[in-house]
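Structural description and commentary
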Amino acid sequence: MVKKSDFVLAPYMKSSDLRATYQIFNTVVPYVGLWIFAVKAASISLWLLPPIVMLMVLFLLRCFSLMHDCGHYALFRSKWANRVVGFMLGGINAIPQYAWSRDHAYHHKTNGDWQRYRGIADFLSTEEFAQLSAFDQKLYGLLRQPIMTLPGGFFYLAIQPRLTLLLGIHEFIGHGLTCLKSSGVKSLGTIVSSHRSKHWQTSGEFWDVLLNNIFVVGSWFLLSYLIGPRLFLGLYATVLTLAGAIFICVFFVQHNFEGSYAHKTADWDYLRGAIEGSSYLDLPPLLRWFTADISYHTIHHLSERIPNYNLAACHRANRHLLSKVTILRFGDLLHCSKFILWDAAADRLVPIPTKQKVLATSLP
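Here is a short report on the structure shown in this document. (Residues numbered from 1 in each chain as written. Predicted model: local features only at pLDDT ≥ 70, side-chain atom pairs only at ≥ 80, totals over all residues. Heavy atoms only, no water.)

Brief notes about the overall build of the chain
Helix and strand counts for the chain come out as 16 helices and 5 strands. The C-alpha radius of gyration of the chain comes to 22 Å, within 12% of the 21 Å expected for a compact globule of 364 residues. Taking the principal axes of its C-alpha atoms as reference, the chain extends roughly 65 × 60 × 45 Å. Counting the 364 residues in the chain, one finds 48% classified as buried. Considering only residue pairs separated by 6 or more positions, the chain has 72% of its internal contacts joining residues 24 or more positions apart. Looking at the chain as shown, the accessible area adds up to about 19000 Å², and 67% of this sits on carbon and sulfur atoms. The centroid of the 33 positive side-chain charges in the chain is displaced by 6 Å from the centroid of its 22 negative side-chain charges. (Helix = DSSP H or I, 4+ residues; strand = E, 2+ residues; numbered from the N terminus. Rg over C-alpha atoms; globule rule 2.2 N^0.38 Å. Buried < 20%, exposed > 50% of the residue type's maximum accessible area, 1.4 Å probe, protein only. Contact = heavy atoms within 4.5 Å. Areas by Shrake-Rupley, 256 points an atom, 1.4 Å probe, with all protein chains shown as cover. Lys, Arg positive; Asp, Glu negative; His and termini not counted. Charge placed at Lys NZ, Arg CZ, Asp CG, Glu CD.)

Remarks on the packing of aromatic side chains
Tallied over the entire structure, the rule returns 17 aromatic pairs. Plain terms: the ring middles of Trp220 and Tyr236 are 5.9 Å apart, the flat faces sit at 70° to each other, and that makes the pair edge-to-face. Linking Trp220 in helix 9 (residues 203-227) with Tyr236 in helix 10 (residues 229-253), this pair joins segments that are 16 residues apart in sequence. Aromatic ring contacts, followed pair by pair, group Trp35, Trp220, Phe232 and Tyr236 into a single cluster. Note that Arg83 overlies the ring of Tyr98, its terminal NZ or CZ placed 4.0 Å from the centroid. Sitting over the face of the ring of Trp268, Arg116 holds its NZ or CZ atom 5.4 Å from the ring centroid. (Phe/Tyr/Trp six-rings, centres within 6.5 Å; stacked < 30°, edge-to-face > 60°. Lys NZ or Arg CZ within 6 Å of the ring centre and 35° of its normal.)

So, the pattern of salt bridges
Enumeration over the complete set of coordinates arrives at 9 salt bridges. Here Glu205 makes a salt bridge to Arg102, at a shortest N to O gap of 2.9 Å. Here Glu205 is found in helix 9, whereas its partner Arg102 is found in helix 4 (residues 97-110), with 103 residues between them in sequence. Here Arg118 ties to Glu128 by a salt bridge, and the two come within 3.0 Å at their closest N and O atoms. Of the two residues, Arg118 sits in the loop between helix 4 and strand 1 (124-125) while Glu128 sits in helix 5 (residues 126-130), which places them 10 residues apart along the sequence. Using a relative accessible area of 18% as the deciding quantity, one classes Arg118 as buried. (Salt bridge = Lys/Arg side-chain N within 4 Å of Asp/Glu carboxyl O.)

Shown next as structure tokens:
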């Protein structure tokens, strides 16, 4: 039985400020440059934009991957540097990085425990699915098809963080009015200290969400003014939609696949969750660079403090212990997309049952 102590991880957990800084420059500078290039190209012909947009999408993917490293305090040696650069990358990706990282950390703590964490799309168990109406079952299956990652990616990056702030403010106002009516509390400090939001857990998360929204929405207005709202919003929406969709697909195939470790909380094993509940995504070298080697996902789950620039070397050093890791390619996405239900009795992921299977299981 393989133990975590069998893996050589510690030497690869050392962050390098020099390598991290170089990665930020070779990612953010080209991304900004592509925006300038796209505006110049659009003034000549819109037909010049598609290849530029695809490059923008790839560089935005890399921005997100580096933001992800900052969330684990792995990219730079300093926690402060990771927070500052992470906020900047969160602004570029239109997502509050600090609050996002808290949710992502929960995924790492519970990977493979499908009783506590239901994946990227709140997947149902087979029992919960069976209790849905026929219409809701069809809707559930439709909303979790690969094509839905396009609107899903845009909503996740562009809409949800704005909606979170608005709902949180509305909730706080309601709490304040309730305090004033029920207990006669007049102090704003008392109202603030007694409020427990469903949309952020700490004051740090609130400020991250607020400042991210100010930065993002402010940049929308500024860039719309500088290059024109139609061109900016068209480019921005396209890039965000495609980048968000690709990253959702990458995350999906790294955890939802046939044979993935999907256990109940009782007797759940963290190590099996990392090794058998995370796939190795075999990507071409160019795509590995643009995704900052997140394809070495098993190693990443064994230790999230390993920066992206050390993942490949760590994977090679521990290859002999990774025989149970599932190897997938992008072409496997359609097959993996079927595994959107958790069978709690069998501790595995399964497809939605066909009518024939449902009828067979219902017969005495």
